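A structural walkthrough
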Amino acid sequence: MPKHHRHHRGPHGHGRKRARRGAVGRSILTLLAEQPMNGYELMAELDERSGGKWKPSSGSIYPALKRLEHRGFIAETANDDDTKPRYELTDEGRERLGEFNAEGDGTPPWEGEVSRHGEIRGAMAELVGPARQIGRFGSTDQVEAATAAIKETTAKLYQILADGPTEEAE
């Protein structure tokens, strides 16, 4: 399988952003604490609240709903239109959400966590495209200049790591 299909993205790293492990379940519990919703409503709400940066698929939402239901954190609720099952938080779900919130910094899962790593991935994808083109079609001078630029960038990234976290990251 070609590398660019491994993570359900296009050849240049574009596409849906992935959430951190556990973020889907925590997000579902957070939203259901506000009101009962069905899977489609949860997907739409997460897309909206993340400003379009996180568009969870039915392949992530529905299995998560089943896991949460199996663990007793959510339950199907009476539905007026009987078309799509709606879910609501159980007492166990409220307790689990409280644990999640105590472990974290109070930031909803769809803020920060989703886009933080996406920015650097996007920047790397922008770097790879022209580097590949130069590698394939560039002159000797262009290849040497590009190699020097990449090595300089690598050294700068190591310097950022050596400088340690900034106040903003702490």
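Here, every reference points to the structure presented above.
Definitions and cut-offs
Residues numbered from 1 in each chain as written. Predicted model: local features only at pLDDT ≥ 70, side-chain atom pairs only at ≥ 80, totals over all residues. Heavy atoms only, no water. Helix = DSSP H or I, 4+ residues; strand = E, 2+ residues; numbered from the N terminus. Polar contact = N/O pair within 3.5 Å; in protein donor to acceptor, adjacent residues only side chain to side chain. Contact = heavy atoms within 4.5 Å. Salt bridge = Lys/Arg side-chain N within 4 Å of Asp/Glu carboxyl O.

Focus: the environment of K55
- Checked against the element boundaries, K55 lands in the loop between α2 (39–49) and α3 (58–70).
- Placed 11 residues apart in sequence, K55 and A44 show a C-alpha to C-alpha distance of 7.8 Å.

What to know about the side chain of T30
- Checked against the element boundaries, T30 lands in helix α1 (residues 23–32).
- Of note is the side chain of T30, whose polar atom sits 2.8 Å from the backbone oxygen of R26.
- Leaving out residues up to four positions away in the same chain, T30 has contacts with L97, P109 and W110.

Concerning the pattern of salt bridges
- Counted under the stated rule, the structure contains 7 salt bridges.
- Between R49 and E34 there is a salt bridge; the shortest N-O distance is 2.5 Å. On the criterion of sequence distance, the pair formed by R49 in helix α2 and E34 in the loop between α1 and β1 (37–38) is long-range, its members being 15 residues apart.
- For the salt bridge of R96 with E99, the shortest nitrogen-to-oxygen distance reads 2.9 Å. Taken as a pair, R96 and E99 lie in helix α4 (residues 91–103) at a separation of 3 residues, close to a single helical turn.

Everything listed here is a matter of geometry and, on its own, says nothing about what the molecule does.
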